[in-house]
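Results of the structural survey
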Amino acid sequence: MIISEDIKVILNDYGTKKVIATVNEEGVVHVAFKDMIFVDSNDTIILLEILEKSITNQNLVYSIWFNKTVAINFLSRNGESFHVQVLPKRAIVSGKEFEEYYQMVQERMGDIDLSTVWLFKILEVKEKTLIKQIEEHKIKYPIINHLDRIITR
């Protein structure tokens, strides 16, 4: 799936808050804030996972083995919110590509190791900005309203 340049700019902004939701083999959901999530020029979402034994990393191994989707939500500095369904497609733990991302982590965070470079295929992107959701809700459900709002009009 191709995403717009506007969304890429928001996702690649260090000021954007990014959250990833994964599940384990029992279906237990784990949600974690991750600063090192971005999208490349090929519309691949990339997560640089720092901790080898993090719950996120363990759940992503499960997801890639069993073809399970993962959700990534992000909130821009301006309050724009997006929900992205992704599928893990590759985990990189060594080699030239890994070294490039390792350098990126070192430059940004100092003397910190990198565990895994996760590459995700984007399946779906939905805007979840509250004002946008309210507008869509009014169109989709025009007769659903609180009685007090109907009476006072």
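A brief look at the structure comes next. (Residues numbered from 1 in each chain as written. Predicted model: local features only at pLDDT ≥ 70, side-chain atom pairs only at ≥ 80, totals over all residues. Heavy atoms only, no water.)

**A closer look at a nonpolar patch on the surface**
A cluster of nonpolar side chains, contributed by Leu130, Ile131 and Ile134, occupies part of the molecular surface with about 300 Å² of accessible area. Looking at the element boundaries, Ile131 is found in helix 4 (residues 130–140). (Patch = residues over 30% accessible without salt bridge, like charges linked within 9 Å, V, L, I, M, F, W, Y side chains within 5 Å. Areas by Shrake-Rupley, 256 points an atom, 1.4 Å probe, with all protein chains shown as cover. Salt bridge = Lys/Arg side-chain N within 4 Å of Asp/Glu carboxyl O. Helix = DSSP H or I, 4+ residues; strand = E, 2+ residues; numbered from the N terminus.)

**Things to note about the pairing of strand 7 (residues 116–127)**
Where strand 4 (residues 44–49) lies against strand 7, 6 bridges are found, and the strand directions are antiparallel. Counted as the bridge partner of Leu48 is Val117 from strand 7. Both strand 6 (residues 81–92) and strand 7 contribute to a ladder of 10 bridges, which runs antiparallel. Paired with Pro88 across the strands is Phe120, a residue of strand 7. (Pairing = 2+ DSSP bridges.)

**Brief notes about the packing of aromatic side chains**
By the definition in use, this model includes 4 aromatic pairs. Here Tyr62 and Phe66 contribute two aromatic rings whose centre-to-centre distance is 5.2 Å and whose plane-to-plane angle is 45°, an arrangement assigned as tilted. With Tyr62 and Phe66 both in helix 2 (residues 55–66) and 4 residues apart, this pair spans about one turn of that helix. Note on Tyr62: relative accessible area 15%, which makes it buried. Ring centres of Phe74 and Phe82 lie 5.3 Å apart, and the angle between their planes is 25°; on these two criteria the pair is classed as stacked. For the pair Phe74 and Phe82, a shared accessibility class is recorded, and that class is buried. (Phe/Tyr/Trp six-rings, centres within 6.5 Å; stacked < 30°, edge-to-face > 60°. Buried < 20%, exposed > 50% of the residue type's maximum accessible area, 1.4 Å probe, protein only.)

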